[in-house]
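For reference, the chains in residue letters:
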Amino acid sequence: MFLSGCGASRASSTAKIANHTPDEGPVSAEIEIKIEDYVFVPAEATIAPGTRVTWVNKDEDPHTATSTDDRFGSDGLDTGDKYSFVFREKGDFSYYCALHPHMKGVIKVQ
Amino acid sequence: MQAPIKDESLPASGKEYNRREFLKCAAAWAGTGIVLTAAGGVFSSCDLRDPGKNTGTLSFVQISDTHIGFAKDPNPDPIATLEATVAKINALPQRPPFVIHTGDLSHLSKAEEFDTLEQILKSLKTEKIFYVPGEHDVFVDQGKRFLERFGKGTQGAGWQSFDYNGTHFVGLNNVVAASSGPTPGSFANGGSEGLGSLGRDQLDWLQKDVAGLSASTPIVVFTHVPLWSVYPQWGWGTEDSEQALGYLKRFGSVTVLNGHIHQVLQKTEGNVTFHTARSTAYPQPAPGAAPSPGPMKDLPADRLKQMIGLTEVKYVETNSPLAIIDTVLA
């Protein structure tokens, strides 16, 4: 499963939390955040606007990357599943795992 | 439903229980199961070699953590192990009037996972199945699919109560969001540290639900996450469970059944017995025994079947009123 989204968008085929159209705009950079041993690595990432962030679940247990303000959010990511989102606006965007809420992270767009 | 049984097979009205000792059942877990019986208010345990010899007058079965959709080590086929569990239940000498599923029906809340579970459990020889959700059943869609399919007749976010043969059963949803969680008001996010949470609305309902009951009424509570603090570092506890247990303190016999941690653990505190059930899919490590609570991966097939299974609860028609029997698949 590979999900992608952008801005206030998400892949329509698998999006279940919100119904947005996919973002097909330009991507200036890419980073990957691993989900490993119940931790987002790195938990804090600083990026430029237009960067696509991809979360990859390396754990045996499923996880999510869920925005605290419903701006973005993955489905349940099983082992090896990925979810992407392109950040276009500046700001700090907090997220967590909906299955394990003690797992927290933040994307800083500057 | 099964014909009513005589009241004397249930714990005596107004009976005062002594503080029950914590049970160290580890030696029995590796066997074919455990029988726990209450005598004089103190539980004792022994290996279960022949479940057929335990013929109670009221019995029901608990299954938990079926995780349909999981397909990795140590169990690439949880459908087969659930089917084997159903076969074991259908072969019990006493047909259970109902079965309780204490959550995590699915692994990823997918519609097809719920479909598969529903299909398999249709072959259970019982009158009714009661469900409470686990966090795996509600985390994607705020519990919408779960409640549509399995929440019929429940209240609020899926809580419920019913009476059977003089015993009051309460099903609680403790995977609702807490005010301390990252997104208060949403569903399934639990407390701030990943603990289970009941929430104010459900606690208020519980208080009213048991208010009119006699203190001698046996209470059975079933829920997903333990109502006692098993290992908070892994989220194995419920942050507002003390309030719920406070409402149940006056009752002479309270049994709390849950799942979530995929292993048998039991303790007693006052008149409350806490019992966690095995998963039908895969075991998880003992509290703190691994870096994280993920599935125990490296298990040979024969070992796996000794670590998954079902729980049968009986009110036995002897001087030992309550028996909790854990049966493994091997």
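Residues numbered from 1 in each chain as written. Chains lettered and ligands numbered in written order. Predicted model: local features only at pLDDT ≥ 70, side-chain atom pairs only at ≥ 80, totals over all residues. Heavy atoms only, no water.

Novice: I'd love a proper account of the sheet that holds strand β10 (residues 265–269) of chain B, names of residues and values included.
Specialist: Residue and element names in this part refer to chain B. Overall, mixed pairing links the 6 strands, which are arranged β6-β7-β8-β9-β11-β10 in an open sheet. Edge positions in the open sheet fall to β6 (160–164) and β10, since each of these has one partner strand only. Each strand axis lies, on average, 15 degrees off the axis of its neighbour in the sheet, ignoring direction. The pairing of strand β7 (residues 167–171) with strand β8 (residues 219–222) spans 4 bridges and is parallel. For valine 170, the partnering residue across the bridge sits in β8 and is valine 221. Packed on one face of the sheet, helix α5 (residues 200–211) meets β6 and β7 and runs near 170 degrees to β7. (Pairing = 2+ DSSP bridges. Helix = DSSP H or I, 4+ residues; strand = E, 2+ residues; numbered from the N terminus. Axes fitted to C-alpha atoms, helices over the stretch in contact; angles between N-to-C directions. Contact = heavy atoms within 4.5 Å.)

Novice: Quick one: what's the story with the environment of phenylalanine 150 of chain B, residue by residue and with numbers?
Specialist: Residues and elements named next belong to chain B. Take phenylalanine 150: it is sitting in helix α4 (residues 144–150). As a C-alpha pair, phenylalanine 150 and phenylalanine 114 span 36 residues in sequence and 9.3 Å in three-dimensional space. When neighbours within four sequence positions are excluded, phenylalanine 150 is seen to be in contact with Leu105, Phe114, Leu117, Glu118 and Tyr131.

Novice: Before we move on, can you summarise the pairing of strand β7 (residues 82–87) of chain A with the specific residues and values?
Specialist: Residues and elements named next belong to chain A. Counting buried residues along β7, 5 of its 6 residues qualify, which places the element largely inside the surrounding structure. Pairing analysis gives 6 bridges linking strand β5 (residues 51–57) to β7, with the strands arranged antiparallel. Across the sheet, residue arginine 52 finds its bridge partner in β7, namely valine 86. (Buried < 20%, exposed > 50% of the residue type's maximum accessible area, 1.4 Å probe, protein only.)

Novice: Outline the sheet that holds strand β6 (residues 66–67) of chain A, listing residues and values.
Specialist: Residues and elements named next belong to chain A. Taken in spatial order, the 4 strands of this open sheet run β4-β9-β8-β6, and their pairing is mixed. For this open sheet the edge positions go to β4 (44–47) and β6, each flanked by a neighbour on one side alone. In this structure, strand β8 (residues 91–96) lies alongside strand β9 (residues 104–109), joined through 6 bridges in antiparallel fashion. Counterpart to serine 94 in the pairing with β9 is valine 106.

Novice: So what about the packing of α5 of chain B against helix α6 (residues 241–248) of chain B? Which residues, and what values?
Specialist: Residue and element names in this part refer to chain B. It is at 9 Å that the axes of α5 and α6 come closest, and there the two elements cross at 10 degrees. Here α5 lies roughly parallel to α6, going by the angle between them. In contact with Arg200, Leu203, Leu206, Gln207 and Val210 of α5, α6 contributes Gln243, Ala244, Tyr247 and Leu248. Here the contact of α5 with α6 is built from residues that sort into 6 nonpolar, 2 polar and 1 charged. (Parallel < 35°, antiparallel > 145°, perpendicular 65-115°, else oblique. Nonpolar A, V, L, I, M, F, W, Y, C, P; charged D, E, K, R; others polar.)

Novice: Got a sec to walk through the environment of aspartate 163 of chain B? Specific residues and values, please.
Specialist: All names here are of chain B. The topology assignment puts aspartate 163 in strand β6. Once the C-alpha coordinates of aspartate 163 and valine 220 are considered, the two residues, 57 residues apart in sequence, prove to be 9.8 Å apart. Looking at aspartate 163, its side chain comes within polar contact range of the side chain of histidine 168, at 2.7 Å. (Polar contact = N/O pair within 3.5 Å; in protein donor to acceptor, adjacent residues only side chain to side chain.)

Novice: Hey, could you go over helix α2 (residues 78–90) of chain B for me, with residue numbers and the actual values?
Specialist: Residues and elements named next belong to chain B. For α2, with 13 residues, the first-to-last C-alpha span of 18 Å sits near the 18 Å given by 1.5 Å per residue. Turning to α2, its buried residues are Pro78, Thr81, Leu82, Thr85, Val86 and Ile89. For α2, the angular spread of the buried residues around the axis is 145 degrees, confining them to a single face. (Expected span 1.5 Å × (residues − 1). Arc of directions from axis to C-beta.)

Novice: Give a detailed account of the pattern of salt bridges, specifying residues and quantitative values.
Specialist: All names here are of chain B. Evaluated as defined, the whole model comprises 12 salt bridges over all chains. The salt bridge involving arginine 149 is made with aspartate 115; its shortest N-O contact spans 2.7 Å. Note that arginine 149 is positioned in helix α4 and aspartate 115 in helix α3 (residues 111–121), a separation of 34 residues in sequence. Look at aspartate 115 and you get partly exposed, because its relative accessible area is 35%. Between lysine 267 and glutamate 269 there is a salt bridge, and its shortest N-O distance comes to 2.4 Å. (Salt bridge = Lys/Arg side-chain N within 4 Å of Asp/Glu carboxyl O.)

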